[in-house]
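# Understanding the architecture of this molecule
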Amino acid sequence: MAVKKSELAERLDSVRERIAAACARAKRPVSDVTLIAVTKNAVPEQIREIISLGVTDLGESRVQVLAQRGAQINEFFQRRVQLGDLPLMPRIRWHMIGHLQRNKIKQILPIVSVVHSIDSLRLAEELEIQLAKTPSAKRLPVMLQVNASEEKSKFGVAVGAALHLAEQIDTMPALQLVGLMAMAPLTDKPDETRAVFTRMREIFEELKWHKIGGSSLKHLSMGMSNDFETAIEEGATMIRIGTDLFGAPANPDPADDRE
Ligand SMILES: *Cc1c(COP(=O)(O)O)cnc(C)c1O
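What you see is a predicted model, and the numbers here were worked out from it, not measured in a lab. (Residues numbered from 1 in each chain as written. Predicted model: local features only at pLDDT ≥ 70, side-chain atom pairs only at ≥ 80, totals over all residues. Heavy atoms only, no water.)

## As for the site of the ligand
Around the ligand, a shell composed of 11 residues is seen, among which Lys40, Ser225, Arg240, Gly242 and Thr243 lie nearest. With respect to the ligand, the side chain of Lys40 contributes an N or O atom lying 2.6 Å from an oxygen atom. Considering the ligand on its own, with 390 Å² of exposed area, one finds that the protein chains cover 92% of that surface. By residue class, the composition of the shell around the ligand is five nonpolar, three polar and three charged. (Near = heavy atom within 4 Å. Polar contact = N/O pair within 3.5 Å; in protein donor to acceptor, adjacent residues only side chain to side chain. Areas by Shrake-Rupley, 256 points an atom, 1.4 Å probe, with all protein chains shown as cover. Nonpolar A, V, L, I, M, F, W, Y, C, P; charged D, E, K, R; others polar.)

What follows is the structure, encoded as structure tokens:
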């Protein structure tokens, strides 16, 4: 007897189909695109379920939630491995995708695998200082967040300043610049959205041309529930999906990314 799929499993199937279709249109292999499940409106059971369904890249925009949930979820799977319920620890990677204040860096360092939201030299420098306190053989992968839509309210470095800041980050021994991140404008005009993603790809290609980040520079983190197909067509390698996987927030909080 076939087991009925959960709602989350069905939503994931549908997102994966849409990713595959967008990749086919863009003549890109599906393996080019990493799906990051954004957990800000998910409950812990949903996060555990999506990991069990094979989505092990998770994104969070709030520092404290990332630190606490990240630790809880990791522990849950470690315990299952110890108990023999699971053969192997899933390779869970937590992505910090929201605005990061310098005084909160310490909280995320034990958990975070990639920081998408570097938007100033001071933030990069503070991250460098904190990382230097616990020397590690591995550099922390980071992305530069670019305000490609040039909306006043958005975080991110201005388009004109991106190249220079990327160059500076590239000289920091504890940080590894792996790409660029952007959010599309709040608009229902698909042309405007596409133009922002195209501009991001151009900035990315400019960095490559200048050899900034070297062979590690390979990611464009762009595309959310309502625009990820366009983002993939324009070259996204990481898409950040919340609503289409976990449903819409019960209490939408417009200040969510601005804490
Ligand atoms: C919430 C959030 C997302 C996911 O948005 P959805 O529209 O729910 O898919 C992606 N990126 C960032 C930075 C976010 O804050």
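There's more to say after this.
## Examining the nonpolar core
Leu144 and Leu245 are the most contacted members of the largest nonpolar core, which has 68 residues in total. Residue contacts for Leu245: discarding those within four places in its chain leaves Leu8, Arg11, Leu12, Val15, Leu35, Ala37 and Ile50. Within the second largest apolar cluster, eight residues are counted, among which are Ile36, Met143, Met181 and Met238. (Core = buried A, V, L, I, M, F, W, Y, C linked by side-chain atoms within 4.5 Å. Buried < 20%, exposed > 50% of the residue type's maximum accessible area, 1.4 Å probe, protein only. Contact = heavy atoms within 4.5 Å.)

## Topic: the packing of helix H1 (residues 7-25) against helix H2 (residues 44-52)
One way to put it is that H1 packs onto H2 with a least axis distance of 10 Å and a crossing angle of 50°. Comparing their axes, H2 and H1 come out oblique. The crossing of H1 and H2 is right-handed. In this structure, H1 contributes Leu8, Ala9 and Leu12 to the contact, and H2 contributes Gln46, Glu49 and Ile50. Considering only residue class, the contact of H1 with H2 consists of four nonpolar, one polar and one charged. (Axes fitted to C-alpha atoms, helices over the stretch in contact; angles between N-to-C directions. Helix = DSSP H or I, 4+ residues; strand = E, 2+ residues; numbered from the N terminus. Parallel < 35°, antiparallel > 145°, perpendicular 65-115°, else oblique. Left-handed = near helix turned anticlockwise from the far one by under 90°.)

## Things to note about the pattern of salt bridges
Counting across every chain of the model gives 14 salt bridges. Among the ionic pairs, Asp57 bridges to Arg93, the shortest N-O distance being 2.8 Å. On the criterion of sequence distance, the pair formed by Asp57 in strand S2 (residues 57-60) and Arg93 in strand S3 (residues 93-96) is long-range, its members being 36 residues apart. When the shortest N-O distance is used, the salt bridge between Arg62 and Glu60 registers 3.0 Å. (Salt bridge = Lys/Arg side-chain N within 4 Å of Asp/Glu carboxyl O.)

## Looking at helix H5 (residues 121-133)
Taking 1.5 Å per residue, 13 residues should reach 18 Å; H5 reaches 19 Å between its end C-alpha atoms and fits that length. Within H5, the full set of buried residues consists of Leu123, Ala124, Leu127, Glu128, Gln130 and Leu131. Where H5 is buried, its residues meet helix H4 (105-108), strand S4 (112-118), strand S5 (140-145), helix H6 (159-170) and strand S6 (175-181). (Expected span 1.5 Å × (residues − 1).)

## Overview of the layout of surface pockets
By volume, the second largest pocket amounts to about 510 Å³. In terms of lining, the second largest pocket is formed by 26 residues, of which the most central are Ser113, Lys138, Arg139, Leu140 and Pro141. Broken down by element, the lining of the second largest pocket gets its largest block of residues, four residues, from H5. Looking at the lining of the second largest pocket, its residues break down into 14 nonpolar, six polar and six charged. (1 Å grid on protein atoms, 1.4 Å probe; cavity = no way out; pocket = protein on both sides within 12 Å on 5 of 7 lines; lining within 4 Å. Points joined across faces, edges and corners; volume = space filled by probe spheres on them.)

## Details of the side chain of Ser225
For Ser225, the location among the structural elements is in the loop between strand S7 (219-221) and helix H8 (228-233). Ser225 gets classed as buried once you look at its relative accessible area, which sits at 13%. A polar side-chain atom of Ser225 sits 3.4 Å from the main-chain amide nitrogen of Thr243. If we skip the residues at most four places from it in the chain, Ser225 touches Arg18, Arg240, Ile241, Gly242, Thr243 and Asp244.

## Here's the deal with unusual backbone geometry
The backbone of Glu150 shows a phi angle near 55°, a positive value even though the residue is not glycine. Looking at where Glu150 falls in the secondary structure, it is placed in the loop between S5 and H6. Among the residues examined, Glu150 registers a relative accessible area of 52% and is labelled exposed.

## Structural notes on the environment of Pro135
For Pro135, the location among the structural elements is in the loop between H5 and S5. Residues Pro135 and Lys211, spaced 76 residues apart in sequence, show a C-alpha to C-alpha distance of 26 Å.

## Observations regarding the pairing of strand S8 (residues 238-241)
Neither face of S8 is open: one carries Met238 and Arg240, the other Ile239 and Ile241, and all of them are buried. Judged from the four bridges that link them, strand S1 (residues 34-38) and S8 form a sheet pairing that is parallel. Residue pairing across strands places Ile36 opposite Arg240, the latter belonging to S8. (Pairing = 2+ DSSP bridges.)

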